[in-house]
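In case you want the letters, here they are:
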Amino acid sequence: MPVTPLDDHHWAVITPASTYVLGVEIDPRTGEAAPRQTYWGPRLTPEAARQVTTVPRRHVSSFSTPGEIEELLPVDGGTRWGSPSLQVAFGHARSLELRFAGARVHDEGGGTERLDLVLADAHHPFEVVLSVRAHPGTDVIERWTTVRAGAEAAITRLDSGNWFIPDAAAYRYSGVFGAWAEETQLQRGPLPVGELTFTSRQGITGHMSNPWVMIDEGAATEEHGEVWGVALAWSGSWRVTSTHRPEGGACVSAGFGHDGLRWTLSPGEELVTPVTLGLYSSGGFGAASRAWHEYARAHVLPTPAEDRPVLYNSWEATTFAVTEEHQLELAKTAASIGVELFVIDDGWFGARDDDTTSLGDWFPHRGRFPEGLRRMFDGIRDLGLRAGLWVEPEGLSKESELYRAHPDWALHMEHRRRDEKRRQLVLNFARDDVRAWAFGWLDRLVTELGLDYLKWDMNRPFTQAGWPERGATQDRVWIEHTRGVYRVMAELRERHPGLRIESCAGGGGRTDFGILRHTDEVWPSDNTDARDRQTVHHGFSQLYPAGVMSAWVTDVPNATTRRTISLRYRFHVAMSGVLGIGGDLSEWTSAELEEAADLIAQYKRVRATVQRGRQYRLAGVPGQERSAVQYALGDEVVVLVYNPIGNAGRGPRRLRLTGLDAEALYELAADGSRWYGATLMASGLRPAAWEPIGDDHRSEMVVLRKL
Ligand code: DGJ
């Protein structure tokens, strides 16, 4: 039973390696109820969990409120001064006083249980339900909040939940920052006393940050130490605020929407938040990442058991100049080296010769495809390839037939400019007519062309986002747009069960556990330089598994960085995720094509392990020094080893593996030699790529099999 009642007011969520204890405390003087977390850490028995509910709370002065940061959802109300997780106004009064109205454990089937705690305001007809869900076999706990109004109520903040990080001698945060072509850069440092907010106010997940934070006890390493992680499964604007109190203690509140927006509930209406996820791990950042990956595969991804195909994407090779002849030429070469899925990117529709025009006009480019796309896609399929197409359903060019017909379909505000970014606006996916239109043409396209794959792009954040006809409720577009995107994706998948979708937003602007419920892969960055990608992949891997991380081998000098890197190294970096090719194959020499074919064949042999295995970030700062990443699935172990700076005398020669069975023998595929797991973990291998004398950008793939 993952949700174990401890007494009338306390419950323990007991996962394989952790326990989360929560309860409702009622102030005997005021009757006010505060659901609180009393414990989150190593696994406890129910008896021990019961004991932790009796540990007295520390004393604090009258300038602070005991237990506020331990609350599951600290509201704006009473004597709280922290960043509120729920803020609501009834007319002019903006404060909540909650009473306990009941609790229930629901059996959701398959061993999954959900606890609902129900609270109600002491005066206004306003109900708050805090839900906690535990799936068997994972340490990730899901939480969300539902509010229901019996009279008009204006919500200005509604987080999914607040997580208390137990007392530690020191706190450190980890998160990612980034920009276009520089996403998921891992940052780690002392958690400052005060509030630290990671956020997106862009209407999309964004490049600048990603909706998660991990807090550790100050000294966790890749393989050791306690780590508490909080993430949000949402692809619109969001906020994750970590609060480190001067008197000690820290908490993290995660939620959608953003400050300044208002969601007014009419009598009878409810608002449900997305899910926030909490994970405790005592095995350092590596174990935390593996738990996130496993959770993604077990409870988030639509097709986690599939091998992701080796893809070719035409974007860097052709940009907007998509022609049948050139695409078929590329497809022919791609098929000959082992590519399985051919994806045609931007430039196939409307009058799209550059980014100034045509988003919204989703018919074949009249100049370049006067007879349509069918023949080109038949040609692709005749080569034995699956077929995919780039779309940007939320994009709207002012220079388009669609905009001329429906200017009101764009997100916009009355009496305000409609500023373009990348020469485009955003279609309002909160509107039923827009969603019906989008589903209509997407469904037709997938059906008529027999598409196996869509790359769903989104190339500009929201600005001046409103929906004037909706008057006072127009702020809702910030949330309903995202839900609208999810709905169209879900409907498309339902209609076309074989369809796979890639999430892209100008690179990695839409990577999160919300979109991953509806998509099979994400495009982490437009930067395809292999060394920069190593850094991107490192940050990406903190939460998201390699099996969703699309990575292409492109041409050199790289289009973004102008750096030249060996083909093998570029391959080995792309092989650490879902391998794709994005170079102009018509320019590759026959030696390069031969090497590519060999590396693709090697990847296919190990891809199950890379895409679905347990991932260990073994050594070194990726992209900057000797580094390696290991994957293990069943009896197979795959290690990708990198040396960007060949002649450096410094740096390790030996590479110690991890997570092996110490007593078992492992056979090296390269030479048949056999080594005990203990030897490989304690003494290690000596990879050729790590020898000090040699070229820059050497790499290798080491494959071992447990006997
Ligand atoms: C941004 C994407 O990240 C690129 O891969 C490419 O699809 C372009 N958009 C096309 O406009």
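Everything discussed here concerns the structure shown above.
Residues numbered from 1 in each chain as written. Predicted model: local features only at pLDDT ≥ 70, side-chain atom pairs only at ≥ 80, totals over all residues. Heavy atoms only, no water.

Asks: What should I look at first to understand the layout of surface pockets in this one?
Replies: In this approach the atoms are scanned with a rolling probe the size of a water molecule, which exposes any empty space left behind. The computed volume of the largest pocket comes to approximately 510 Å³. Residues that form the lining of the largest pocket fall into these classes: 13 nonpolar, seven polar and eight charged. Quantified by volume, the second largest pocket comes out at close to 410 Å³. Asp-27, Arg-29, Arg-36, Thr-65 and Thr-79 are the residues nearest the centre of the second largest pocket, which is lined by 16 residues in total. Secondary-structure elements contributing two or more residues to the lining of the second largest pocket are strand 3 (18-26) and strand 4 (33-42). Of the residues contributing to the lining of the second largest pocket, the split by class is four nonpolar, four polar and eight charged. (1 Å grid on protein atoms, 1.4 Å probe; cavity = no way out; pocket = protein on both sides within 12 Å on 5 of 7 lines; lining within 4 Å. Points joined across faces, edges and corners; volume = space filled by probe spheres on them. Nonpolar A, V, L, I, M, F, W, Y, C, P; charged D, E, K, R; others polar. Helix = DSSP H or I, 4+ residues; strand = E, 2+ residues; numbered from the N terminus.)

Asks: For this particular structure, what's the right way to read the site of the ligand?
Replies: Around the ligand, 13 residues are found, and the nearest of them are Asp-345, Asp-346, Lys-455, Asp-457 and Asp-526. Between the ligand and Trp-390 there is a distance of 3.1 Å, counted from an oxygen atom to a side-chain nitrogen or oxygen. Here an oxygen atom of the ligand and a side-chain polar atom of Arg-422 are 3.0 Å apart. The protein chains hide 98% of the 290 Å² of surface that the ligand would expose on its own. Cavity membership is defined here by more than half of the atoms lying within 2 Å of grid points; on that basis the ligand lies in the largest pocket. Considering only residue class, the shell around the ligand consists of four nonpolar, three polar and six charged. (Near = heavy atom within 4 Å. Polar contact = N/O pair within 3.5 Å; in protein donor to acceptor, adjacent residues only side chain to side chain. Areas by Shrake-Rupley, 256 points an atom, 1.4 Å probe, with all protein chains shown as cover. Sits in = over half its atoms within 2 Å of the grid points.)

Asks: Explain the sheet that holds strand 31 (residues 614-619) to me, please; I cannot follow it from the model alone.
Replies: Either a parallel or an antiparallel arrangement is found when strands of a sheet pair, and the pairing is made through backbone hydrogen bonds. Across the sheet, which stays open at both edges, the six strands sit in the order 31-32-33-36-34-35 with antiparallel pairing between neighbours. The open sheet has two edge strands with one neighbour each: strand 31 and strand 35 (674-676). Direction aside, neighbouring strands of the sheet carry axes that sit 25 degrees apart on average. Inspection of the sheet shows strand 33 (residues 636-643) paired to strand 36 (residues 698-706) by eight bridges, in the antiparallel sense. What sits directly across from Tyr-642, in strand 36, is Ser-699. (Pairing = 2+ DSSP bridges. Axes fitted to C-alpha atoms, helices over the stretch in contact; angles between N-to-C directions.)

Asks: What am I meant to see in empty space enclosed by the protein here?
Replies: Applying the stated criterion across every chain, the model contains ten cavities of 30 Å³ or more. When its volume is computed, the largest cavity comes out at roughly 150 Å³. What lines the largest cavity is a set of 15 residues, and nearest its centre among them are Gly-257, His-258, Leu-261, Trp-263 and Ile-479. For the lining of the largest cavity, the secondary-structure elements that each account for two or more residues are strand 10 (153-165) and helix 8 (477-495). Considering each element in turn, the lining of the largest cavity owes the most residues, four residues, to strand 10. When grouped by side-chain class, the residues that make up the lining of the largest cavity number eight nonpolar, three polar and four charged. There is about 120 Å³ of room inside the second largest cavity. Along its surface, the second largest cavity is lined by 15 residues, and Glu-68, Pro-74, Gly-82, Ser-83 and Cys-251 are the ones closest to its centre. Taken together, the elements giving at least two residues each to the lining of the second largest cavity come down to strand 16 (238-244) and strand 17 (250-256).

Asks: Help me understand the pattern of salt bridges, please; the structure alone is not making it clear to me.
Replies: Should their charged atoms come close, side chains of opposite charge can pair. Considering all chains together, one arrives at 54 salt bridges under this definition. Among the ionic pairs, Glu-521 bridges to Arg-308, the shortest N-O distance being 3.4 Å. In this pair, Glu-521 is assigned in strand 28 (residues 521-522) and Arg-308 in the loop between helix 2 (284-300) and strand 21 (311-313), connecting sequence segments 213 residues apart. Just as Glu-521 is buried, Arg-308 falls in that class too. Shared partners join several salt bridges into a network, and the residues in it are Glu-25, Glu-32, Arg-36, Glu-71 and Arg-80. (Salt bridge = Lys/Arg side-chain N within 4 Å of Asp/Glu carboxyl O. Buried < 20%, exposed > 50% of the residue type's maximum accessible area, 1.4 Å probe, protein only.)

Asks: What am I meant to see in the nonpolar core here?
Replies: Within soluble globular proteins, side chains that are nonpolar tend to cluster in buried spots. By size, the foremost hydrophobic cluster in this structure holds 165 residues, and its most contacted members are Phe-126, Trp-348, Phe-377, Phe-513 and Phe-571. Ranked by the residues each element gives to this core, the list is headed by helix 7 (residues 432-449), at nine residues. One finds Leu-657, Leu-660, Leu-668 and Leu-685 within the second-largest nonpolar core, a separate group that totals 18 residues. (Core = buried A, V, L, I, M, F, W, Y, C linked by side-chain atoms within 4.5 Å.)

Asks: Explain the sheet that holds strand 3 to me, please; I cannot follow it from the model alone.
Replies: Pairing within the open sheet is antiparallel, and its four strands lie in the order 1-2-3-4. Of all strands in the sheet, those bounded by a partner on one side alone are strand 1 (3-7) and strand 4. Going from strand to strand, the sheet's axes swing by 20 degrees on average, the running direction of each strand aside.

Asks: Where do I start with unusual backbone geometry in this structure?
Replies: Trans peptide bonds make up the majority, and among non-glycine residues the majority have a negative phi. Cis geometry is adopted by the peptide bond preceding Pro-557, which originates at Val-556 and carries an omega value of -10 degrees. Structurally, the position occupied by Pro-557 is in the loop between strand 29 (550-553) and helix 10 (567-574). Phi at His-415 takes a positive value of approximately 60 degrees, unusual for a residue other than glycine. Topologically, His-415 is positioned in the loop between helix 6 (401-405) and strand 25 (425-426). Classification of His-415 by relative accessible area gives exposed; the value is 70%. In the Ramachandran plot, Arg-423 falls in the positive-phi region, its phi being about 55 degrees despite a non-glycine side chain. Given a relative accessible area of 43%, Arg-423 falls into the partly exposed group.

Fair warning: the whole summary comes from geometry, so function is off the table for now.
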